[in-house]
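# Tertiary structure, described
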Amino acid sequence: MFPVWKGVFRRKRVGRIEADRPCRSEEIPSHVALIMDGNGRWARKRALPRAAGHHAGMLAMRDVIRAADDWGIKVLTLYSFSTENWKRPHHEINYLWQLVDEFFQLDIGELVARNVHIRILGEPSQLPQATQVTIARALESTKTCSGLVVQFALNYGSRWEIVKAVQHIASRIQKNEIAVAEIDEDMVSNAMDTAGLPDPDLLIRTAGDQRISNFLLWQIAYSEFVFVDVMWPEFTRKHFYSAIQAFVARERRFGGLK
Ligand code: FPP
């Protein structure tokens, strides 16, 4: 059944600013990570169920993926469901999985047409069977795509990712494949779910809170952070554009001197 609240808002029309890149192509961050926060508060402010906030969040996410592709960003990582989100009520969790199914079923054609390569961070094996099947199909459909990489962090927790990496490296030592002295940063990076991709240049969090919430702790060592006050469902290309401009204005020294 089509819920009533699905008709209560519409995406704003794309303005001129949105058709342009936010900066010169060489300044575009290669990898942007997003903590999409504030769906619940957005809904509460409108006296809508939290599910309506997540649905509106999915629409915002869709447009951000399009913008990232239009602007030539190489990797987009979206914090979609954390290992801590299991503490939420069952009906909310179930709705989120339904939304993941809906998104991959409706958008897969466009993602393939845009040459988007999908990756999953986290543990999909604990998700509902139907969602696992939908995700496996999406991964299969985009496995040869060579454009924008979109990583969905689903049932993801950074500390658990680090624990898994440590277990993997320790088991290689146990099998005498490597020596302890051979462990270096590259080996650890390659044991993460994000293996083979550059670390995020820019991390954006919406909805006003200024914390990392167990997201990409290893990978964000030198990322620039931009915290914005708007709730995730209100986050448009315009906000994305401004966050990238704030990033471009920063001086990144990576611990060195200017
Ligand atoms: C945080 O807002 C958001 C989430 C836990 C879910 C993010 C999900 C989406 C953006 C929807 C679509 C995702 C996919 C992959 C199809 P919150 O609920 O914690 O908001 P609150 O802090 O205001 O309560």
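In this report, we go over the structure that sits alongside the text. (Residues numbered from 1 in each chain as written. Predicted model: local features only at pLDDT ≥ 70, side-chain atom pairs only at ≥ 80, totals over all residues. Heavy atoms only, no water.)

### Side note on the overall build of the protein
The secondary structure content of the protein amounts to eight helices and six strands. When the helices and strands of the protein are placed in sequence order, the string is α-β-α-α-β-α-β-α-β-α-α-β-β-α. Relative to the compact-globule value of 18 Å for 258 residues, the protein shows a C-alpha radius of gyration of 19 Å, a close match. A principal-axis box enclosing the C-alpha atoms of the protein has dimensions of 60 × 50 × 35 Å. Across the 258 residues of the protein, 48% fall into the buried class. Considering only intrachain contacts with a sequence separation of at least 6, the fraction spanning at least 24 residues in the protein is 79%. Working note: accessible area of the protein is about 13600 Å², and carbon and sulfur atoms make up 52% of it. Between the averaged position of the 34 positive side-chain charges in the protein and that of its 30 negative side-chain charges there is a distance of 7 Å. (Helix = DSSP H or I, 4+ residues; strand = E, 2+ residues; numbered from the N terminus. Rg over C-alpha atoms; globule rule 2.2 N^0.38 Å. Buried < 20%, exposed > 50% of the residue type's maximum accessible area, 1.4 Å probe, protein only. Contact = heavy atoms within 4.5 Å. Areas by Shrake-Rupley, 256 points an atom, 1.4 Å probe, with all protein chains shown as cover. Lys, Arg positive; Asp, Glu negative; His and termini not counted. Charge placed at Lys NZ, Arg CZ, Asp CG, Glu CD.)

### A closer look at empty space enclosed by the protein
By the definition in use, this model includes one cavity of 30 Å³ or more. Its boundaries defined by the atoms lining it, the largest cavity holds a volume of some 40 Å³. As for the largest cavity, its lining consists of R62, I65, R66, D107, E110 and L111. Breaking the lining of the largest cavity down by element, the ones donating at least two residues are α3 (50–71) and α4 (90–113). The class makeup of the residues in the lining of the largest cavity is two nonpolar, no polar and four charged. (1 Å grid on protein atoms, 1.4 Å probe; cavity = no way out; pocket = protein on both sides within 12 Å on 5 of 7 lines; lining within 4 Å. Points joined across faces, edges and corners; volume = space filled by probe spheres on them. Nonpolar A, V, L, I, M, F, W, Y, C, P; charged D, E, K, R; others polar.)

### Some points on the site of the ligand
The full set close to the ligand counts 20 residues, and D37, G40, R41, R50 and R88 are the nearest of them. At 3.2 Å, a backbone N or O of N39 approaches an oxygen atom of the ligand. Because more than half of its atoms lie within 2 Å of the grid, the ligand is assigned to the largest pocket. Listed by contribution, the elements that provide at least two residues to the shell around the ligand are α2 (39–45), α3 and α4. The greatest single-element share of the shell around the ligand, amounting to five residues, is contributed by α3. For the shell around the ligand, the class distribution of residues is nine nonpolar, seven polar and four charged. (Near = heavy atom within 4 Å. Polar contact = N/O pair within 3.5 Å; in protein donor to acceptor, adjacent residues only side chain to side chain. Sits in = over half its atoms within 2 Å of the grid points.)

### Here we look at the layout of surface pockets
There is about 700 Å³ of room inside the largest pocket. Forming the boundary of the largest pocket are 29 residues, of which M36, Y79, S80, F81 and N85 lie nearest the centre. Counting residues per element, the ones that place at least two in the lining of the largest pocket are α2, α3, β2 (75–82), α4 and β4 (149–156).

### Focus: the packing of α4 against helix α5 (residues 129–141)
The geometry of α4 relative to α5 is characterised by a closest axis approach of 9 Å and an angle of 15° between their N-to-C directions. Regarding the angle of α4 to α5, the classification is roughly parallel. Crossing of α4 against α5: the hand is left-handed. Where α4 approaches α5, its residues W97, V100, D101, F104, Q105, I108 and V112 are matched on the opposing element by A130, T131, T134, I135, A138 and S141. (Axes fitted to C-alpha atoms, helices over the stretch in contact; angles between N-to-C directions. Parallel < 35°, antiparallel > 145°, perpendicular 65-115°, else oblique. Left-handed = near helix turned anticlockwise from the far one by under 90°.)

### Observations concerning the packing of aromatic side chains
Following the criterion strictly, the structure yields 15 aromatic pairs and no others. Relative to W86, the ring of F81 has its centre 5.0 Å away and its plane inclined at 75°; by these criteria the two rings are edge-to-face. Residue class for F81 comes out buried when judged on its relative accessible area of 1%. Taking the relative accessible area as the measure of exposure, W86 reaches 33% and is therefore partly exposed. Residues Y222 and F254 carry aromatic rings whose centres are separated by 5.7 Å and whose planes lie at 50° to one another, so their mutual orientation is tilted. In this pair, Y222 is assigned in the loop between β5 (202–205) and β6 (224–227) and F254 in the segment after α8 (237–249), connecting sequence segments 32 residues apart. (Phe/Tyr/Trp six-rings, centres within 6.5 Å; stacked < 30°, edge-to-face > 60°.)

### Here we look at the pairing of β6
Within a regular strand, side chains alternate between the sheet's two faces. The alternating pattern of β6 places E224 and V226 on a buried face and F225 and F227 on a face that is not buried. Pairing between β5 and β6: four bridges, direction parallel. Across the sheet, L202 pairs through a bridge with E224, a residue of β6. (Pairing = 2+ DSSP bridges.)

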